[in-house]
Amino acid sequence: MSTANQSNTDSLAFLLTGIPGLEALHMWISIPFCFTYIMTVLGNSMVLLTVRLDKSLHEPMYYFISMLAVIDLTFSTAVVPKMLCVFWLDSREIGFEACFVQMFFIHTFTAVESGVLLAMSFDRYVAICNPLRYTTILTSSRTIQLGLLSLARGAGLMTPLMWLLTNLPYCKTRVIPHSYCEHMAVVELACADPSVSDLYSLIVATLLVGTDSVFITFSYGMILRSVMRLTSQEARLKALSTCGSHVFVILLFYIGGLLSMYLQMFSFGLAPHVQVLVADFYLTVPPMLNPLIYGIKIKQIQEGIFKLLRQLAGLSVSQAD
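The rules behind each value
Residues numbered from 1 in each chain as written. Predicted model: local features only at pLDDT ≥ 70, side-chain atom pairs only at ≥ 80, totals over all residues. Heavy atoms only, no water. Helix = DSSP H or I, 4+ residues; strand = E, 2+ residues; numbered from the N terminus. Buried < 20%, exposed > 50% of the residue type's maximum accessible area, 1.4 Å probe, protein only. Contact = heavy atoms within 4.5 Å. Areas by Shrake-Rupley, 256 points an atom, 1.4 Å probe, with all protein chains shown as cover. Salt bridge = Lys/Arg side-chain N within 4 Å of Asp/Glu carboxyl O. Disulfide = S-S within 2.5 Å. Core = buried A, V, L, I, M, F, W, Y, C linked by side-chain atoms within 4.5 Å.

### A short note on the overall build of the protein
- Looking only at helices and strands, one finds 11 helices and three strands in the protein.
- Counted from the first residue to the last, the protein has its helices and strands arranged as α-β-α-α-β-α-α-α-β-α-α-α-α-α.
- Counting all 321 residues of the protein, 44% fall into the buried class.
- Pairs at least 24 apart in sequence give 78% of the contacts found in the protein among residues at least 6 apart.
- When the accessible area of the protein is evaluated, it comes to approximately 16,300 Å², of which 69% is carbon and sulfur surface.

### Some points on the pattern of salt bridges
- Counted according to the given criterion, the structure contains three salt bridges.
- The partner of Arg-153 in a salt bridge is Asp-212, with the nearest N and O atoms 2.8 Å apart. Residue Arg-153 is located in helix α6 (residues 140-166), and its partner Asp-212 is located in helix α8 (residues 195-228); the two are separated by 59 residues in the primary sequence.
- You can call Arg-153 partly exposed: its relative accessible area is 26%.

### Quick notes on the state of the cysteines
- All chains considered together, the criterion is met by two disulfides.
- Disulfide partner of Cys-99: Cys-181, at an S-S distance of 2.1 Å. Measuring the twist about the S-S bond at about -130°, one finds the Cys-99-Cys-181 disulfide to be left-handed. With Cys-99 in helix α4 (residues 96-129) and Cys-181 in the loop between β3 (175-176) and α7 (183-187), this pair connects stretches of sequence that are 82 residues apart.
- Given a relative accessible area of 0%, Cys-99 falls into the buried group.

### Brief notes about the nonpolar core
- Residues Phe-14, Leu-117, Leu-165, Tyr-170 and Ile-176 are the most contacted members of the largest nonpolar core, which totals 74 residues.
- Ranked by residues supplied to this core, first place goes to helix α3 (residues 60-89) with 15 residues.
- Those residues in contact with Leu-165 that sit more than four places away from it in its chain are Phe-100, Met-103, Tyr-170, His-183, Val-187 and Ser-197.

### Some thoughts on unusual backbone geometry
- Although it is not a glycine, Asp-90 adopts a positive phi angle of roughly 55°.
- The class for Asp-90 is exposed, based on a relative accessible area of 54%.

Remember that the coordinates give geometry; whether it matters functionally is a separate question.
Structure representation (structure tokens):
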């Protein structure tokens, strides 16, 4: 950061408005977000604990689901606690560094989740199209390497973006009309041309979403072709059922993300509070739904959670005695 800009931002703090125009209703609005966050923490923690303790779930697919749970927990914790502070305590101030750290976590773990979803589609492709080689292609170490590669890719692509954004001078109003440090809302406060950072973020987003979605679509195209060649209707349904939850999570992630992004870029005549609420729900609802989707759709995780709950209930009874 340049010396001039450093002096400009040393004491700079931004102010989050929460939901513009609905400040009087913040206490009521906070209720669903608080509930969603509690369910996110409980649901994803239960998935992680179940996979950790049940040795029958020590397989690549469940490792990838565990990675999604870690991503969802990190993602939500980077946003929701501060959001609730705005709603409950009117604690609207967020420091310059803290704002960009929050933005870094949002962008990075969005990219990481896209990479993990791509890895999961590859996992399903190998499991269905080349099942005899599944255990040799997707070993535990290779699964962990794919997760670390997704993390490195996300952090590596977002670090230059954060450098570009933090080096912009912010000398306009400090007020961010949002519940968190939303990228475009922050950039609008810069008093210099942000075209370089805008171009970089557009290229990165296009490459990430474009490349990952193309490969995911290709993987499921190959899976569908293989499934249609099966002669048994029961075998077809069984093969497709293993992919149902993954496809639902993919659609939730990409469609929800694109909808939120376009509503921030183009208002389409919507009121500001509607745009903000859509962005808030995109950051909070999918992390809550993901463990529910996998817990309901994947029988092994469902059975593992019930087994864990029975063990915890038995432990509580024995301690009470």
